[in-house]
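Here's the letter readout for the chains.
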Amino acid sequence: RVLAVRGTPLPGHPPSGAVLVFHDVTDLRRLERMRQDFVANASHELKTPLASIKAYAETLLDWALNDDAVNRRFLERIDEQVDRLNVLILDMLSLARLESSQAFFEHGPLSLIPVIERCVEAHRDRAAAGGLALVFDAGSLDGDVLILADEEAIRQIFDNLIDNAIKYTAEDGEVKLVCSLAPTAVVVEVSDTGIGIPRDDLPRIFERFYRVDKARSRELGGTGLGLAIVKHLVSSLRGQITVTSRPGVGTRFTVQLPRAFVPAPRALDA
Ligand code: ADP
């Protein structure tokens, strides 16, 4: 699209030509639209728990204050909604920091397998409470596998993926993490036998606030920001994340993180 035609004649010379300046504003427009969508979505997400809190508080003030049973129930609901707002705001802040590159991560050599193992262990009780098997298979990999990353970034990536796998898998299902080596990367697959993701939704699940089923995600405590955060973190580590899924069968996320090749110490000459 031509935005401007400029022709500045030299003094004493008639104009002999024109300069056409082309500006491709497609990307700018797309970014502006994404920003507007984000503000609209964020406002909506924040308003929903606030409206509940207001409704419970008003009912308590109007008539329920002296009814001990109702009192307690409503205060518990208010407490839940405040927790929800808290998670949402923390996720929004994480994402904003990542997008403005303010997140400060020390990308030093990190032994990946023990960090993932700790993430898995942190979810063991929740998986058991949901009647799920949680399996960690590091294959032949051990603490010697190094990547250039910060432990906090790795924790956030795998916490989110394991948390989703548990959330979207029904009782008696299985959540499994399998690690392997590719020539220049470590590959970690997080798979589940859960509800799966319809084909049309798959390309959009890394978008901010995109959810296949909003009501279900909210009920399970989701914010719709987890995978957007994961995608940013993986990219900041120069890795890749892909997903395959079949509704009713399960979902598999594959994360590839480049290996750090630390030169072996040279043998000293005798
Ligand atoms: P949420 O907080 O809603 O879980 P995410 O950004 O983590 O948000 O995920 C976006 C959406 O992708 C989810 O709402 C859900 O619809 C879908 N999703 C993510 N992981 C899984 C999974 N393991 N199984 C099925 N659906 C998933």
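Residues numbered from 1 in each chain as written. Predicted model: local features only at pLDDT ≥ 70, side-chain atom pairs only at ≥ 80, totals over all residues. Heavy atoms only, no water.

A count of helices and strands for the protein gives 7 helices and 9 strands. When each of the 270 residues of the protein is scored for burial, the buried share is 36%. Nonlocal contacts in the protein, meaning residues at least 24 apart in sequence, comprise 68% of its contacts between residues at least 6 apart. (Helix = DSSP H or I, 4+ residues; strand = E, 2+ residues; numbered from the N terminus. Buried < 20%, exposed > 50% of the residue type's maximum accessible area, 1.4 Å probe, protein only. Contact = heavy atoms within 4.5 Å.)

Most of strand E7 (residues 185–192) sits out of view: 7 of its 8 residues are buried. Relative to E7, strand E6 (residues 174–181) runs antiparallel, the two being bridged by 7 bridges. Note that in E7 the partner of Leu177 across the bridge is Val190. Between E6 and E7, which follow one another and run antiparallel, lie 3 residues. Bridging between E7 and strand E9 (residues 250–258) involves 8 bridges; their strand directions are antiparallel. Along E9, the bridge assignment pairs Ser191 with Arg252. (Pairing = 2+ DSSP bridges.)

Moving on to the pattern of salt bridges. With the rule as written, the count across this model stands at 17 salt bridges. With its nearest N and O atoms 3.3 Å apart, the salt bridge here joins Glu76 to Arg72. Taken together, the residues Glu76 and Arg72, both in helix H2 (residues 68–99) and 4 residues apart, mark about one turn of the helix. Since its relative accessible area comes to 35%, Glu76 is described here as partly exposed. On the basis of relative accessibility, which here comes to 59%, the residue Arg72 falls in the exposed class. It is possible to trace a salt-bridge network through shared partners that takes in Glu45, Arg84, Arg211 and Arg218. (Salt bridge = Lys/Arg side-chain N within 4 Å of Asp/Glu carboxyl O.)

Turning our attention to the environment of Ala42. The topology assignment puts Ala42 in helix H1 (residues 26–64). For the pair formed by Ala42 and Asp163, sequence separation is 121 residues and the distance between their alpha carbons is 22 Å.

Below, the discussion takes up the site of the ligand. Around the ligand there are 21 residues in total, and Asn164, Tyr168, Ser217, Thr223 and Leu227 lie nearest to it. Tyr168 is positioned such that a nitrogen or oxygen atom in its side chain is 2.8 Å from an oxygen atom of the ligand. Between Val212 and the ligand, the recorded distance is 3.1 Å, taken from a backbone N or O atom to an oxygen atom. Of all the secondary structure elements, the ones that give two or more residues to the shell around the ligand are helix H5 (151–167), helix H7 (226–236) and E9. Split by residue class, the shell around the ligand holds 10 nonpolar, 8 polar and 3 charged. (Near = heavy atom within 4 Å. Polar contact = N/O pair within 3.5 Å; in protein donor to acceptor, adjacent residues only side chain to side chain. Nonpolar A, V, L, I, M, F, W, Y, C, P; charged D, E, K, R; others polar.)

Once that is clear, we can look at the packing of aromatic side chains. What the rule picks out here adds up to 3 aromatic pairs. The cationic tip of Lys231 hangs over the ring face of Phe206; the distance from NZ or CZ to the ring centre is 5.1 Å. (Phe/Tyr/Trp six-rings, centres within 6.5 Å; stacked < 30°, edge-to-face > 60°. Lys NZ or Arg CZ within 6 Å of the ring centre and 35° of its normal.)

With that settled, consider the confidence of the model for the protein. Looking at the protein as a whole, its pLDDT mean stands at 89, while 90% of the residues score no less than 70. The weakest mean pLDDT in the protein belongs to strand E1 (residues 2–6) at 48; the strongest belongs to strand E8 (residues 240–246) at 98. Counting interchain partners and residues more than four positions distant, the pLDDT-below-50 stretch residues 1–5 has 14 contacts. (pLDDT = per-residue confidence, 0-100.)

Moving on: the packing of helix H3 (residues 112–122) against H5. Relative orientation of the contacting elements H3 and H5 amounts to 45°, with a least axis distance of 9 Å. By the criterion of interaxial angle, the relationship of H3 to H5 is oblique. Read as a crossing pair, H3 and H5 show a hand that is right-handed. For the pair H3 and H5, contact is made by Leu112, Val115, Ile116, Arg118, Cys119 and Val120 and by Glu151, Ile154, Arg155, Phe158, Asp159 and Ile162, respectively. Class assignment for the residues of the contact of H3 with H5 results in 8 nonpolar, no polar and 4 charged. (Axes fitted to C-alpha atoms, helices over the stretch in contact; angles between N-to-C directions. Parallel < 35°, antiparallel > 145°, perpendicular 65-115°, else oblique. Left-handed = near helix turned anticlockwise from the far one by under 90°.)

On to the sheet that holds strand E4 (residues 133–137). Taking strand neighbours across the sheet as the criterion, the 5 strands line up as E4-E6-E7-E9-E8 in an open arrangement whose pairing is mixed. Of all strands in the sheet, those bounded by a partner on one side alone are E4 and E8. Ignoring which end each strand starts from, the neighbouring axes of this sheet average 10° apart. In terms of strand pairing, E8 meets E9 through 7 bridges, oriented antiparallel. Bridged to Thr244 within E9 is Arg252. Packing of H7 onto the sheet brings it into contact with E8 and E9, and relative to E8 it is tilted by some 140°.

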